[in-house]
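Residue-level structure breakdown
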Amino acid sequence: MSDTNDKKPARKPLSLKSGSGTVRQNFSGGRSKSVVVEKKKRRVIGVPGKSDKPTASPSIKPKPEAPVDEVAEQARKLGLSKSEYLKRQEALNSAAAEQSKRDAVRKAEEDERQRRMDEERKALDAKRKAEEETEKRRLAEEEEERKRQEADAARRAPTAAQKILSEGEQVDDQTALERAGGRIKKQRSGGGPKSKSSPSKSTDRRRKGKLTIVSALSGDDERQRSLASMRRAREREKERQKGQGGEKVKVAREVTIPEAITVGDLANRMAERTTDVVKYLMKQGSMATVNDVLDADTAQLIAEDFGHNVKRVADADVEDDFLDTEPEDEGNLKPRAPVIAIMGHVDHGKTSLLDALRSADVAADEAGGITQHIGAYQLKLKSGDKITVLDTPGHAAFSAMRSRGAEAVDIVVLVVAADDGVKPQTIESISHARAANAPIIVAVNKMDTYEADARKIETELLQYEVITESMSGETQSVPVSALKKTGLDDLADAISLQAELMDLKSNPDRNAEGLVIESKVEKGRGPVATLLVKRGTLKRGDIIVAGQYWGKVKAMMDERNAQLKAAGPSVPVAVMGFDGAPSPGEPFAVVESEAKAREITEYRAQKAKDDASSKPTAIASMEHMMAKLKGKVVNEMPVLVKADVQGSVEAIKSSVEGAGNDEVKARVIHGAVGAISESDVLLAKSSEAPILAFNVRPNRQAKDLAEREGVEIRYYSIIYDLLDDVKGVLQGMLEPERRETFIGYAEILEVFNISKVGKVAGCRVTEGRVERACGVRLLRENVVIHEGMLSTLKRFKDEVEKVQAGMECGMAFEKYEDLRKGDQIECFTVEYVDRKLD
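Residues numbered from 1 in each chain as written. Predicted model: local features only at pLDDT ≥ 70, side-chain atom pairs only at ≥ 80, totals over all residues. Heavy atoms only, no water.

1. Overview of the overall build of the protein
Along its length, the protein carries 21 helices and 35 strands. With 838 residues in all, the protein has 34% of them scored as buried. Partitioning the intrachain contacts of the protein with sequence separation of at least 6 by distance along the chain shows that 67% fall at a separation of at least 24. For the protein, the computed accessible surface area is about 54000 Å², with 49% contributed by carbon and sulfur atoms. (Helix = DSSP H or I, 4+ residues; strand = E, 2+ residues; numbered from the N terminus. Buried < 20%, exposed > 50% of the residue type's maximum accessible area, 1.4 Å probe, protein only. Contact = heavy atoms within 4.5 Å. Areas by Shrake-Rupley, 256 points an atom, 1.4 Å probe, with all protein chains shown as cover.)

This is how it looks when you write it as structure tokens:
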């Protein structure tokens, strides 16, 4: 094939139709690009329109067109299916109907509002008209009274015409009237003779009244005073006569006197002049001013001497009605569930026993396998009875929690491990139960172990005056096994029997009162307090006060986080709505108003502030005084504690502050519940204290701030580890103990004075040995005259490590050369041993 045949035909270049255009595309980074695009017409698919051309033959009939479905056509235009279009139309119709209903309701409300406004406007108009009528009537009466007085004055005074006739002049009425008018004009213009007895100019102006025909004809230039002026004059005259008649009658008032009051305030309450009170104090020998503060006793004496009755009040009176201590009416009392506390030593199976009763597994979630919070639950036994259970920690640090648990309950279940016996926290729990006067039921747990011996446990309890029924006592003892779930029915029967004997009742139809079991601050929920209602019913919306905090109950939950609307007696609930986390063990009560709640909490906060500001000063001064007397300085380690619940804060604070001795101590500068905030980090930075976080974490801002400022945050979930670390730091702060060990004696035979070295003693070791760089004491006639260190130990010309007894050597002291023949050298070694806290 030729080359021409091998060539392929040239391709036709691509081109765009006339409907093309250019579009500019923008990309990130400021880049752009122009793109050529082609515009195409939209193809419409549908029923073609009727043709304008005439039909081919009139004899041929056209086909009838199919009926058009308007609904489907409208749906197609909107890009919807027919069913979707119908649903949409139905929704629009229902929305329009709802809108019309709302408009009708709104119009009815506006009509009602307009009607009320019209009625109020009519009432106001009627009231205003009545007031205007009353005012007009009063003015008319005053006008009539004034006219009557003017008429009486005109009748009593001679007229100008009568004066002219009396002078013998024959004039008519018109002339007399003109003369009288001319005389009045003349006096008004200032002319005419003036009488010496006439009143002053200001008095004339004040007493001039309205000019009438009667007054003009009367010819009397001095007109009558107004009615109001006469009334004021009579009042002044009465007061003057009253003042001349004698002193005012003394009015005895009831004067309320607080704990502290100023002189001016006391005078105002007695309605006396302040100068009189100051003069009284000066007569008594006290130079006081208006702003001086008086105590309640002095103020009472002053008020009584002034003839007033005194009512003493105090700031603490705001709490008089906080808790109702009046006995309840027997007819209002109803049976309630018993409240039980599970107490005992750590790791004796308290939570496991409670889990066996509840058929739950709380112990598996406890850090370290020990309970570190106090928990409140309500159980329903197989018999149908309900009991409320408080699970208290058994660790030694949670003594306050066990004490609160014993005070809040009716019955104490003392759990003792059958393979471990009576332990310190068991004894403490017995003491708490006796202090609260609560009966004890002994539950001997872990009966499934090989070493279990219930008889041995009952015998050990005898020395603590806990005598079980098997030993002719009154205390019930039940052997149980939380692991095998044996003996649980017997324990439930024992609790029910004890509760039946106690006949527990309470009044549910009153305001709620009870105790705060635990409190914490949760993220997103704020302060949450666990409350145990002792009597009454706590409802949502009640205003409650607990310690220094108050709040309105926003929500109540049980132990399963189920919402409750009301909680009766013996029901534990978690309450949201407090403005802070109240201290566990504080009593709570429902008050009638927010003002009362604020008044109580403000008084308690101020009292706590005053106690805190006064107490440390006295303690610090006593500690410093004792330290100066002993010549010791106490080293303190400041720490900042944050925990998840208030009970843990108290337990950690008491344990940490009690871990020191006379030389080193740990001081908690701040302890609170909730997550670590930036203010906590700043406080730790200024105090140079680490932050001990127990089951809490810092927020992001606080963590970054702690890293920048170099504040150490230590995280703990088990209280054992926290206390061990604190004790380790305190032990490191202790000065090591200095121990001396005697090693030998040497006698100075001769003293040599060597240049560039000083005096060197030639000695013989008489007892023990002498070591280089050991401690030495120089004895002269058995009296220590120097104590120091050995600088040189030579045997002939060589430095040696030690010299044994019976050998001679040369010794020199550090910075001391008063050596004499016959002196004795005592040699010893010094060892520093680390000390431990007692």
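2. Structural notes on the packing of helix 9 (residues 263-270) against helix 10 (residues 274-283)
In contact at an axis separation of 9 Å, helix 9 and helix 10 are set at 120° when each is read in the N-to-C sense. Comparing the axis directions of helix 9 and helix 10 gives the class oblique. Relative to helix 10, the crossing made by helix 9 is right-handed. Residues Val 263, Gly 264, Ala 267 and Met 270 of helix 9 lie in contact with helix 10, whose contacting residues are Thr 274, Val 277, Val 278 and Leu 281. (Axes fitted to C-alpha atoms, helices over the stretch in contact; angles between N-to-C directions. Parallel < 35°, antiparallel > 145°, perpendicular 65-115°, else oblique. Left-handed = near helix turned anticlockwise from the far one by under 90°.)

3. Here we look at helix 9
Residues spaced three or four apart along an α-helix face the same direction, because each turn holds 3.6 residues. Of all the residues in helix 9, the buried ones are Val 263, Gly 264, Leu 266, Ala 267 and Met 270. Axial view of helix 9: buried residues confined to an arc of 160°, hence all on one face. Summarising the contacts, the buried residues of helix 9 are in contact with strand 3 (254-257), strand 4 (260-262), helix 10, strand 5 (293-295) and helix 11 (296-305). Where helix 9 terminates, the next one or two residues include Ala 271, which has phi positive at roughly 60°. (Arc of directions from axis to C-beta.)

4. Some points on a nonpolar patch on the surface
Taken together, Phe 752, Ile 754 and Val 757 make up a surface patch of nonpolar side chains, about 280 Å² in accessible area. Tracing the backbone through its elements, the reader meets Val 757 in the loop between strand 28 (737-754) and strand 29 (758-771). With a relative accessible area of 52%, Val 757 lands in the exposed category. (Patch = residues over 30% accessible without salt bridge, like charges linked within 9 Å, V, L, I, M, F, W, Y side chains within 5 Å. Salt bridge = Lys/Arg side-chain N within 4 Å of Asp/Glu carboxyl O.)

5. Section: the side chain of Glu 826
Along the chain, the position of Glu 826 falls in strand 35 (residues 824-833). Residue classification places Glu 826 among the buried positions, given a relative accessible area of 15%. Contacts of Glu 826, omitting those with residues within four sequence positions, involve Phe 742, Gly 744, Tyr 745, Gly 775, Val 776, Arg 777 and Leu 779.

6. Observations concerning the pattern of salt bridges
Applying the stated criterion to the full structure yields 39 salt bridges. Among the ionic pairs, Asp 125 bridges to Arg 128, the shortest N-O distance being 2.4 Å. Residue Asp 125 and its partner Arg 128 are located together in helix 3 (residues 82-156), separated by three residues, close to a single helical turn. Classification of Arg 128 by relative accessible area gives partly exposed; the value is 43%. Through salt bridges with shared partners, a single ionic network connects Arg 738, Glu 740, Arg 777, Glu 787 and Glu 826.

7. Re the sheet that holds strand 25 (residues 664-673)
Sheet strands pair via backbone hydrogen bonds, and the direction of the pair is either parallel or antiparallel. Strand order in the open sheet formed by four strands is 25-24-26-27, and the pairing between neighbours is parallel. Looking at the sheet topology across the chains shown, the edges are occupied by strand 25 and strand 27 (713-716). Averaged over all pairs of adjacent strands, the angle between strand axes in this sheet comes to 25°, irrespective of strand direction. Of the pairings in the sheet, the one linking strand 24 (residues 635-643) to strand 26 (residues 691-694) comprises four bridges and is parallel in character. Looking across to strand 26, one finds that Ala 643 is bridged to Phe 694. Relative to strand 24, helix 19 (residues 678-687) is tilted by about 175°, and along the sheet it contacts strand 24, strand 25 and strand 26. (Pairing = 2+ DSSP bridges.)

8. Observations concerning the environment of Arg 560
Structurally, Arg 560 can be placed in the loop between strand 19 (549-557) and strand 20 (563-564). Residues Arg 560 and Tyr 377 lie 183 residues apart in sequence; the distance between their C-alpha atoms is 9.0 Å.

9. Here's the deal with the packing of aromatic side chains
The final tally for this structure, using the stated rule, is two aromatic pairs. Pairing Phe 742 with Tyr 745 gives two aromatic rings, centres 4.8 Å apart and planes at 50°, and the pair type is tilted. Tyr 745 gets classed as partly exposed once you look at its relative accessible area, which sits at 22%. The ring of Phe 828 carries Arg 777 above its face, with NZ or CZ at 4.2 Å from the centroid. (Phe/Tyr/Trp six-rings, centres within 6.5 Å; stacked < 30°, edge-to-face > 60°. Lys NZ or Arg CZ within 6 Å of the ring centre and 35° of its normal.)

10. Details of the nonpolar core
Generally speaking, a soluble globular protein has its nonpolar side chains buried in company with each other. Core analysis: the largest hydrophobic core is formed by 25 residues, its most contacted members being Leu 390 and Leu 461. Where this core is concerned, the elements lending two or more residues are strand 8 (339-344), strand 11 (411-417), helix 14 (424-435), strand 12 (440-445), helix 15 (454-462) and strand 15 (513-522). Grouped together as the second largest cluster of nonpolar side chains are 24 residues, Ala 356, Tyr 377, Ile 387 and Ala 499 included. (Core = buried A, V, L, I, M, F, W, Y, C linked by side-chain atoms within 4.5 Å.)

11. With respect to the confidence of the model for the protein
Taken residue by residue, the protein gives an average pLDDT of 77. The fraction at 70 or more is 77%. Note that residues 360-374 has pLDDT below 50 and, in this model, 44 contacts with residues that lie over four places away or in other chains. Considering only residues more than four positions removed or in separate chains, one finds that residues 616-622, a stretch of pLDDT under 50, has one contact. (pLDDT = per-residue confidence, 0-100.)

12. With respect to helix 15
When we look at burial in helix 15, the residues that qualify are Ala 454, Ile 457, Glu 458 and Leu 461. Taken down its axis, helix 15 places every buried residue within 95° of arc, on the same side. If you follow the buried residues of helix 15, they end up packed against strand 11, helix 14, strand 12 and strand 13 (476-479). Backbone nitrogen of Arg 455 and a side-chain oxygen of the N-cap are separated by 3.3 Å at the start of helix 15; the cap is Asp 453. (Polar contact = N/O pair within 3.5 Å; in protein donor to acceptor, adjacent residues only side chain to side chain.)

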